[in-house]
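# A closer look at the structure
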Amino acid sequence: MTQRYQLFINNEWVDPLSGLWFDTLDPFSGEAWAEIPRANKEDVDRAVEAASAAMDGPWGTMSATDRGLLLHKLGELIEKNADNLTLAESRDNGKLSSEVGGQVRYMAKYFYYYGGLADKIQGAVIPMDKPKVFNYTRYEPIGVVATITPWNSSLLLTAWKIAPALCAGNTIIAKPSEHTSASMFELAKLFIEAGFPPGVFNVITGFGNEVGEPLVTHPKVPRIAFTGGDEGGKRVNLLAAQHLKRVSLELGGKSPHIIFDDADLTRAANGVITGIFSAGGQTCMAGSRLLLQEDIHDEFIERLLAIAGKAKLGDPTRSDVQVGPVATRPQFEKIMEYIQIGKDEGARCILGGNARTGEGFGAGQFVEPTIFVDVDNSMRIAQEEVFGPVLAVIKFKDEADAIRIANDIRFGLAAGIWTKSLHRAMLMSEKIKAGTVWVNNYRSTSFTTPFGGYKDSGLGREGGIEAVKEYLETKSVWISTDLDMPDPFVRKY
Ligand code: NAD
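For every chain, the first residue of the written sequence is number 1, and numbering continues from 1 along that sequence. In keeping with the predicted nature of the model, local features appear solely for residues at pLDDT of at least 70, side-chain atom pairs appear and are counted solely at 80 or more, and the whole-chain, interface and lining totals rest on all residues. Heavy atoms throughout the structure, all of them, feed into the side-chain values; hydrogens and water do not.

Before going further, it helps to examine empty space enclosed by the protein. Points on a 1 Å grid, built from protein atoms alone, make a cavity when a 1.4 Å probe fits but cannot get out and make a pocket when they are open with protein on both sides within 12 Å along at least 5 of 7 lines; residues with an atom within 4 Å of a point are the lining residues. Grid points are joined across faces, edges and corners, and a volume is the space filled by probe spheres set on the points. This model, assessed by the stated rule, comprises 3 cavities of 30 Å³ or more. Its volume calculated, the largest cavity comes out at about 70 Å³. All amino acids are sorted into three groups, where Ala, Val, Leu, Ile, Met, Phe, Trp, Tyr, Cys and Pro are nonpolar, Asp, Glu, Lys and Arg are charged, and the leftover types, Gly among them, are polar. Its residues assigned to classes, the lining of the largest cavity comprises 5 nonpolar, 5 polar and 2 charged.

In these notes, residues near a molecule or strand are those with any non-hydrogen atom within 4 Å of it. Around the ligand, the surrounding shell holds 27 residues, and the nearest of these are Thr 149, Lys 175, Glu 178, Leu 251 and Glu 385. In the environment of the ligand, an oxygen atom lies 2.8 Å from a nitrogen or oxygen atom belonging to the backbone of Thr 149. Take Glu 213: an N or O atom from its side chain is 2.9 Å from a nitrogen atom of the ligand. Areas reported here follow the Shrake-Rupley algorithm with a probe of radius 1.4 Å; residue values treat only the protein chains shown as occluding. Its free accessible area being 840 Å², the ligand has 87% of it covered by the protein chains. Here the ligand is seated within the largest pocket. Strands are runs of DSSP state E lasting at least 2 residues, helices are runs of H or I lasting at least 4, and numbering of each runs from the N terminus. With 3 residues, the single largest contributor to the shell around the ligand is helix α8 (residues 208-217). Residue ranges assigned to the domains are those given by an automatic or database domain assignment. Each of domain 1 (3-251 + 457-476) and domain 2 (256-439) gives at least three residues to the shell around the ligand. Polar contact criterion, stated in full: a pair of N or O atoms within 3.5 Å, where within protein one must be able to donate a hydrogen and the other to accept it, and residues adjacent in sequence count only if both atoms are side-chain atoms. For a cavity or pocket, the test is whether more than half of a molecule's atoms lie within 2 Å of its grid points; if they do, the molecule sits there.

Residues enter patches when they are more than 30% accessible in relative terms and free of salt bridges; like-charged ones are connected within 9 Å and nonpolar ones (Val, Leu, Ile, Met, Phe, Trp, Tyr) within 5 Å. The term salt bridge refers to a side-chain nitrogen of Lys or Arg lying within 4 Å of a carboxyl oxygen of Asp or Glu. The grouping of Val 125, Phe 134 and Ile 479 at the surface amounts to a nonpolar patch, some 260 Å² of accessible area in total. Along the chain, Phe 134 turns up in strand β7 (residues 133-141). Each residue is placed in one exposure class: buried if its accessible area under a 1.4 Å probe, protein chains only, is under 20% of its type's maximum, exposed if it is over 50%, and partly exposed if it falls in between. The partly exposed category is assigned to Phe 134, whose relative accessible area is 38%.

Take the buried Ala, Val, Leu, Ile, Met, Phe, Trp, Tyr and Cys residues and link them wherever side-chain atoms come within 4.5 Å; each set so joined is a nonpolar core. Residues Ile 78, Phe 111, Tyr 114, Leu 166, Leu 187, Phe 196 and Phe 201 are the most contacted members of the largest nonpolar core, which totals 64 residues. Here this core gets 10 residues from one element, more than from any other, and that element is helix α6 (residues 154-167). Lining this core are residues from two domains, each supplying at least three of them: domain 1 (3-251 + 457-476) and domain 2 (256-439). Contact definition: two residues touch when any of their heavy atoms are within 4.5 Å. Ignoring anything within four residues of it in the chain, the contact list for Ile 78 reads Leu 85, Val 104, Met 107, Ala 108, Phe 111, Leu 187 and Leu 190.

Moving on to the confidence of the model for the protein chain. Here the protein chain shows a mean pLDDT of 97. Residues at 70 or above account for 100%. Every residue is assigned a pLDDT by the predictor, reflecting its confidence on a scale from 0 to 100. The least confident element of the protein chain is strand β1 (residues 3-4), whose mean pLDDT is 94; the most confident is strand β10 (residues 201-203), at 99.

Along its sequence, the protein chain is carved into domain 1 (3-251 + 457-476) and domain 2 (256-439). For domain 1 and domain 2, the distance between their C-alpha centres works out to 31 Å. If you look at the interface, domain 1 gives 21 residues, while domain 2 gives 31 residues. Each of two parts loses accessible area, computed with a 1.4 Å probe, when they are put together; buried area is these two losses added. The junction of domain 1 with domain 2 conceals about 1,900 Å² of combined surface from both sides, 61% of it contributed by carbon and sulfur atoms.

Now for the environment of Asn 135. Relative to the assigned elements, Asn 135 resides in strand β7. A relative accessible area of 3% means that Asn 135 is categorised as buried. In this view, Asn 135 contacts Ala 124, Val 125, Ile 126, Met 128, Ser 476, Val 477 and Trp 478; residues no more than four positions away in its chain are not counted. Side chain to side chain, Asn 135 and Ser 476 meet in a polar contact 3.1 Å long. Polar contacts involving the side chain of Asn 135 include one to the main-chain carbonyl oxygen of Val 477, which spans 3.2 Å.

Here Gln 282 shows up in the loop between α10 (265-277) and β14 (289-293). Its relative accessible area of 3% is what places Gln 282 among the buried residues. Setting aside anything within four residues of it in sequence, one finds Gln 282 in contact with Trp 151, Asn 152, Pro 325, Val 326, Ala 327, Gln 331 and Phe 387.

Here we take up the sheet that holds strand β13 (residues 256-259). Sheet strands associate in pairs through backbone hydrogen bonding, adopting either a parallel or an antiparallel arrangement. When DSSP locates at least two bridges between a pair of strands, those strands are taken to pair. Strand order in the open sheet made by the 7 strands is β15-β18-β19-β14-β13-β21-β22, with mixed pairing throughout. Since the sheet does not close on itself, it has two edges, and those belong to β15 (348-351) and β22 (436-439), each with one partner. Looking at each pair of strands side by side, their axes are set apart by 25 degrees on average, direction ignored. Across 5 bridges, β14 lies against strand β19 (residues 390-396) in parallel orientation. Following the sheet pairing, Gln 293 is matched in β19 by Phe 396. Packing against the sheet, helix α12 (residues 329-344) makes contact with β15, β18 (370-373) and β19, and its axis sits at approximately 20 degrees to β18. Axis definition: a line fitted to C-alpha atoms, over the contacting stretch in the case of helices. Angles run 0 to 180 degrees between N-to-C directions.

Moving on to the layout of surface pockets. Considered as a void within the structure, the largest pocket measures approximately 1,100 Å³ in volume. Looking at the lining of the largest pocket, the elements with two or more residues in it are α8, β11 (223-227), α9 (230-242) and α12. Split by residue class, the lining of the largest pocket holds 14 nonpolar, 14 polar and 11 charged. Of the pockets and cavities examined, the second largest pocket occupies roughly 540 Å³. Counting residues per element, the lining of the second largest pocket draws most heavily on strand β25 (residues 472-480), at 3 residues. Taken together, the residues of the lining of the second largest pocket break down into 8 nonpolar, 1 polar and 8 charged.

A separate point is the pairing of β18. The two faces of β18 match: Thr 370 and Phe 372 on one face and Ile 371 and Val 373 on the other face are all buried. With 3 bridges connecting them, β15 and β18 associate as antiparallel partners. The partner of Cys 349 across the bridge, within β18, is Phe 372. Relative to β19, β18 is paired through 3 bridges, and the arrangement is parallel. Bridge pairing in β19 places Thr 370 opposite Val 390.

Our focus in this paragraph is the packing of α6 against helix α7 (residues 182-194). One way to put it is that α6 packs onto α7 with a least axis distance of 10 Å and a crossing angle of 35 degrees. In this structure, α6 meets α7 at a crossing whose hand is right-handed. Contacts from Ser 154, Leu 155, Thr 158, Ile 162 and Leu 166 in α6 reach Ser 183, Met 184, Leu 187 and Phe 191 in α7. Grouping the amino acids of the contact of α6 with α7 by side-chain chemistry returns 6 nonpolar, 3 polar and no charged. By convention the crossing between two helices is left-handed if the near helix lies anticlockwise of the far one by an angle smaller than a right angle, and right-handed if it lies clockwise.

This part takes up the pattern of salt bridges. Oppositely charged side chains are able to pair whenever their charged atoms sit close together. Overall, the coordinates contain 31 salt bridges when judged by the stated rule. One salt bridge connects Lys 220 with Glu 49, and the closest N-O pair in it is separated by 3.1 Å. Of the two residues, Lys 220 sits in the loop between α8 and β11 while Glu 49 sits in helix α1 (residues 41-55), which places them 171 residues apart along the sequence. The exposure class assigned to Lys 220 is partly exposed, which follows from its relative accessible area of 40%. Across the pair Arg 105 and Asp 83 runs a salt bridge whose closest N-O atoms are separated by 2.8 Å. Remark: Asp 83 occurs in helix α4 (residues 82-93) and Arg 105 occurs in helix α5 (residues 97-117); sequence separation between them is 22 residues. By relative accessible area, which is 57% here, Asp 83 ends up exposed.

See the structure below:
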């Protein structure tokens, strides 16, 4: 029996006006396990009305302190209900239950952090260059925020947006990926339990063209927070620009992971494996281009083969499994295509390169951890995002060479550097064009620090105090204390 979800609008569960639902599949078994409402433009209108009205309701007049306390309460409920949220999310995206569980518990901290920040958003009194006037700034919420998110980490990537947006006093319409919507409905239940007023958080589900675009173009949605692929991101940006909306985009990456010959190679090898094979490489920040200094190339490859060659693939709910299935069938096919492209381009596949099927592999949506050597940075396998467990290895000579190769790409999301030299670490961190640089670690994120992309990897930042500013308008207020009558036709400067 599959479970049927309803849309969540104005704190109520409602059927989609289309009267249609679609199946969501478990990527391991390949079977449908829940039915997701297929919302349309009219449902978007309903959600926007609710979210707009909520800005003028109790939420709009609530003190920032009380708003913060509500966020805190939500964080507690997320921790309390972590198992349930984890189950819904991992059944949809096929990631290891252990990884999703960790993400969900960590996600609670975003709400604690931004809950604490809510009543610390302060304007300033500005010393003026003019006499007899008092000027101050105040920060105000922008209004209704639409969050549009991908399938790889539905809940966490939504939390990156809604925690600062709610902290700033906005209301939300969450539009999760059509592949991973169930967990957002489970989260919505916690908003009711926490006591959020109606319309503050709404969930509408469906497809990019049927739900995403009406949301992005709706005149009463002034702010779009998007995470997803290039193509969707560019389309959203184009549509939003026509309506002069504020947009943040977290897009793809092809992040360089750079290993110098003076690095602790044991730790570096583990870091490289984490960077590309955890989550089956289905992460925007995957360290998918490995840059190896030429004198350690062969030794380092041996180390990688020794670890990755033993990776256990299988049922992602089992605690001994290290790599789960690919989240969706189209993504599985895309990864297999890229493996063929790499071979056709002349790169040498020294590990994996195959799908895994048969007993223990469910519906067979598995790709083996795959390593290509003899890769030239101009190859498609080095330039394009695969979003799977495929590592492209490129040799470099020295710092200058590594910087040149690392930056010779249209993406700029993240980079990893392994070295014991402080000088090298600082030089590389400065020269690499990426929003995040990890030195002697990889794939860490935190609510306390900004995350986002240079170049085609996106616009704006999520995380830290900076993120709240992205959900606020600044108003400058001038109060005259002048008792003299000014000349009505001459403006004084
Ligand atoms: P996608 O772009 O296909 O979909 C993302 C979301 O956008 C979905 O909810 C989808 O329904 C919606 N959408 C698609 N077209 C739309 C349109 N025209 N208008 C409005 N909404 C639209 O991405 P995906 O395949 O789900 O996710 C994988 C991509 O996400 C990868 O490229 C990855 O790098 C990127 N990603 C980036 C980050 C980051 O933080 N930078 C994090 C995770 C994933």
